[in-house]
Structures are given as C-alpha cells and as structure tokens.
Amino acid sequence: MPELPEVETVRRGLERLVLNKTVQEVNVLWPRIIESPSAEDFAALLIGETIEKMERRGKFLIFRFSHYDMLSHLRMEGKYEFHEHAQDALDKHTHVIFKFTDGTELRYLDVRKFGRMSLVPSGEALLHRSLAKLGPEPTQDYFELAPFQQKLRKYHKAIKPLLLEQTLVVGLGNIYVDETLWQAEIHPEQPADTLTNKEIERLHSAIIDVLDRAVKAGGSTIRTYMNALGEAGKFQRQLHVYGRTGEPCERCGTLIVKIKVAQRGTHFCPNCQKLRNRKPREHK
DNA sequence: ATTAATCCCTGGAGGC
DNA sequence: TGCCTCCAGGGATTAA
C-alpha cells in the first residue's frame, strides 16, 4: 500500500518520465476514479495541457499542468505505468489513460479502484478540501515538536488511529505507523493525551527517521507496490513489526503480536510497547 | 466538539 | 476442482 515513501518514489519516477509532455487525449474507463469535475469534463479540460511540475503533498501526487492542478491519490493499489507506445496491450485494471502528443502514454491502474483523481484550477491544489486539512510534512524543517505536543494533549483517542488521520503529521499509513510506534516504544492504543513528553519526543524523532529511511530505500514492496519505473522498493527488509507476527522482537526477543485497532491490523511488541493506565508524573 | 462505524472494491487465502 | 467466506485498508461520509 503506498504511503509517503512509496508516493514520493512514484513522484520521482514520473518526474523523469512525463515532465513537459503535452496531453493529446484522456480516456477514463472507470468514471468513479474521477472525483471532480465529471469524468467527461476532466478528460476534455486536460487536452492541450502540459505537465510542468510533479509535486507531492502527504500521500497526494500533484501534477502541475499549464492551467490545472491534478490531484491523484493511489489509496491501496493505484499505480502509474508509462508506455513508450500506445499500442501496448492494455491491462484489465487500467482505468485512466493519458495519451501524449509524442505517442507515449501514461496509464493509471488500480485493482481495487480505491484511488481518486481531481482537477482544479492552477494553484488551488493545496486549497482543495482534502489537502487543506493536512498536517506538516514529516521532515525536520516542517514537523515541529511543540505544536505536535500541543495537539496530542487535545485528544484522548488511541495514538495509532490519530496518527493515521494525516492531521497532526502526514505520510504514515498502516505499515509505517506500526514501525514508528515500535521504534518509539509506544503501545498503539495508548491514548494521545497520556503520552509523556519523553514519549512524544521519541515519537516525533521516530516519525521523521522511519519515513526518511523508507524514502531513501525507495519505499516498501509488500504485496504489489511498484514505482513508476516498475521497480520494487527495498524498505520491507528493514521492517521490524509489520508482517512479522510470531517472530521475535529484534530488541528483546518477545514474540510480535497482531491485534485489531480501529479496524486495522496492528503489529507490536507486547514487551517493548506496554499499555499504561495513566500518565506517570514527570520530574524536571 | 470528538470519535466510531460504514462504505468503496477485488484478489488471494483458507476451509471444506 | 470449485464454491464460499474472510481479509487487506485510506479517506470520505455519516452517525452517535
């Protein structure tokens, strides 16, 4: 499932493949993929548009066209395929085809059809309903400890689903959130407002570190994820808890367990990540 | 106001 | 072999 590291890897691939290409025609084979405007308008408005920049915000890809910004979220299994020749056989999960004036093609594939695209006037991408509420990018420059600390105090909700909301910080999905909580030694169900300052500092560092290392590894290939160049990621080799149920924790040897937290499969070490009843007193 | 549940989708795995 | 059920889950939406 593409999370920030996978989306960033796709962005980099697309930057090499489709920058400066001009759209000749767009075919939408599964209209529900297009959130807005209508699939017909989406296709018509893109004709003659040139891709001037490839950006990313959280897990959203932003194609900056001459007069429009195209938002694209891959959700679970969305992927882009670049084809030098339009006559290449069409995979049955192809839902949107961008035909360029030079005869090449960019195809959007999505087995489960969960991915979504929208088209808005240039410069309005970040104002879009789904992007406006996003938290900071998970890097040293944008993700500051103090505001993070403040926000965590406001919610009693379990830390894992809170981090998945993308409002405190962007980029974490089910894999990296489990990895981050393991690294920070925090139980996924620990209520946010019961975290100690020490724990919040560890969590803050872990989020930046895990996502940064995953980007450098080209993301993780768990089931089907491939980048725009068709290459697998390498970070799955560095995973400590995700998909390792029943294997020994690399820190303490206790067997990794899997539970459900807010409908999501959740992996953690029951020894390193203990659930506390309440916040212990902190001394200065 | 926060938080929980539901929905969208299909392929793969496991049971019998 | 084949049919059935269950599971994977991000984010929008609806309900409590």
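Reading the values: rules and limits
- Residues numbered from 1 in each chain as written.
- Chains lettered and ligands numbered in written order.
- Predicted model: local features only at pLDDT ≥ 70, side-chain atom pairs only at ≥ 80, totals over all residues.
- Heavy atoms only, no water.
- Near = heavy atom within 4 Å.
- Polar contact = N/O pair within 3.5 Å; in protein donor to acceptor, adjacent residues only side chain to side chain.
- Nonpolar A, V, L, I, M, F, W, Y, C, P; charged D, E, K, R; others polar.
- Salt bridge = Lys/Arg side-chain N within 4 Å of Asp/Glu carboxyl O.
- Helix = DSSP H or I, 4+ residues; strand = E, 2+ residues; numbered from the N terminus.
- Buried < 20%, exposed > 50% of the residue type's maximum accessible area, 1.4 Å probe, protein only.
- Pairing = 2+ DSSP bridges.
- Axes fitted to C-alpha atoms, helices over the stretch in contact; angles between N-to-C directions.
- Contact = heavy atoms within 4.5 Å.
- Domains from an automatic or database assignment.
- Buried area = accessible area lost by both parts, 1.4 Å probe.
- Left-handed = near helix turned anticlockwise from the far one by under 90°.

Could you give me a rundown of the protein's contact with DNA strand B, with the residues and numbers involved?
Lining the immediate surroundings of DNA strand B are R32, K92, H93, V111, R112, K113, F114, Y155, H156, K157 and Q263. Contacts to DNA strand B include R32, whose side-chain N or O atom sits 2.9 Å from a phosphate oxygen. Interatomic distance of 3.4 Å between a side-chain N/O atom of R112 and a base oxygen of DNA strand B. Class assignment of the residues belonging to the surface near DNA strand B gives a composition of 3 nonpolar, 3 polar and 5 charged.

With reference to specific residues and values, describe the pattern of salt bridges.
Two side chains with opposite charge may pair up if their charged atoms get near one another. Under the defined criterion, the tally for this structure stands at 21 salt bridges. Linking K21 and D102 is a salt bridge whose minimum nitrogen-to-oxygen distance equals 2.6 Å. Here K21 is found in the loop between α1 (4–18) and β1 (23–28), whereas its partner D102 is found in the loop between β7 (94–100) and β8 (105–110), with 81 residues between them in sequence. Accessibility expressed as a relative area gives 17% for K21, which makes it buried.

Give a description of the pairing of β8 that names residues and reports values.
For β8, a buried count of 6 out of 6 residues is recorded, marking the element as mostly surrounded by other parts of the structure. Of the two faces of β8, both are covered, the one formed by E105, R107 and L109 as well as the one formed by L106, Y108 and D110. Connecting the antiparallel pair β7 and β8 is a turn made up of 4 residues, with G103 showing a positive phi of about 90°.

Can you tell me about the sheet that holds β1, naming the residues and giving the values?
Within a sheet, adjacent strands bond to each other through the backbone by hydrogen bonds, running parallel or antiparallel. Here 4 strands make up an open sheet; going across it, the order is β1-β7-β8-β6 and the pairing antiparallel. Pairing within the sheet leaves two strands with one partner each, and these edge strands are β1 and β6 (78–83). The mean inter-strand angle of the sheet, taken between neighbouring strand axes irrespective of direction, is 15°. With 6 bridges connecting them, β6 and β8 associate as antiparallel partners. Considered in β8, the bridge of F82 is made with L106. In the packing of α1 onto the sheet, the strands contacted are β6, β7 and β8, and the crossing angle to β6 comes to about 20°. Against the sheet, helix α2 (residues 39–46) makes contact with β1 and β7, and its axis sits at roughly 165° relative to β1, the strand it touches most.

Outline the sheet that holds strand β4 (residues 60–65), listing residues and values.
Spatially, the 5 strands line up as an open sheet ordered β2-β9-β5-β4-β3, and their pairing is mixed. On the outer flanks of this sheet lie β2 (34–36) and β3 (51–57), each paired with one strand and no other. Between one strand axis and the next, the sheet turns by 25° as a mean value, whatever way the strands run. Where α1 meets the sheet, its contacts fall on β3 and β4, and the angle it forms with β3 comes to roughly 175°. Against the sheet, α2 contacts β2, β4, β5 (68–73) and β9 (116–121), and its axis sits at roughly 55° relative to β9.

An account of the domain arrangement of chain A is requested, with residue identities and associated values reported.
Taken domain by domain, chain A holds domain 1 (4–132) and domain 2 (145–268). The C-alpha centroid of domain 2 is placed 28 Å from the C-alpha centroid of domain 1. In this complex, domain 1 contributes 19 residues to the contact, which on the side of domain 2 involves 19 residues. Taken together, the two surfaces of domain 1 and domain 2 that pack against each other cover about 1500 Å², and 64% of this comes from carbon and sulfur. One can count 0 salt bridges joining domain 1 with domain 2. Run the count over domain 1 and domain 2 and you get 3 residue pairs in polar contact (both at pLDDT 80 or more).

Please provide a residue-by-residue account of the packing of α1 against helix α7 (residues 197–216), values included.
Taken N-terminus to C-terminus, the directions of α1 and α7 make an angle of 35°; their axes are 8 Å apart at the nearest point. Relative to α7, α1 is oriented so that their crossing is right-handed. Residue-level inspection shows L4, P5, E8, T9 and R12 of α1 in contact with α7, the latter providing L211, A214 and V215.

Pulling in residues and values, what's your account of the protein's contact with DNA strand C?
Within the structure, DNA strand C sits among 18 residues, and H73, R112, F114, K260 and R264 are positioned closest to it. Interatomic distance of 2.8 Å between a side-chain N/O atom of N174 and a phosphate oxygen of DNA strand C. Contact between DNA strand C and Y242: a phosphate oxygen at 3.0 Å from a side-chain N or O atom of the residue. For the surface near DNA strand C, the elements supplying multiple residues, two or more each, are α3 (129–132), β10 (257–261) and β11 (264–268). Looking at the surface near DNA strand C residue by residue, the class counts come to 5 nonpolar, 5 polar and 8 charged.

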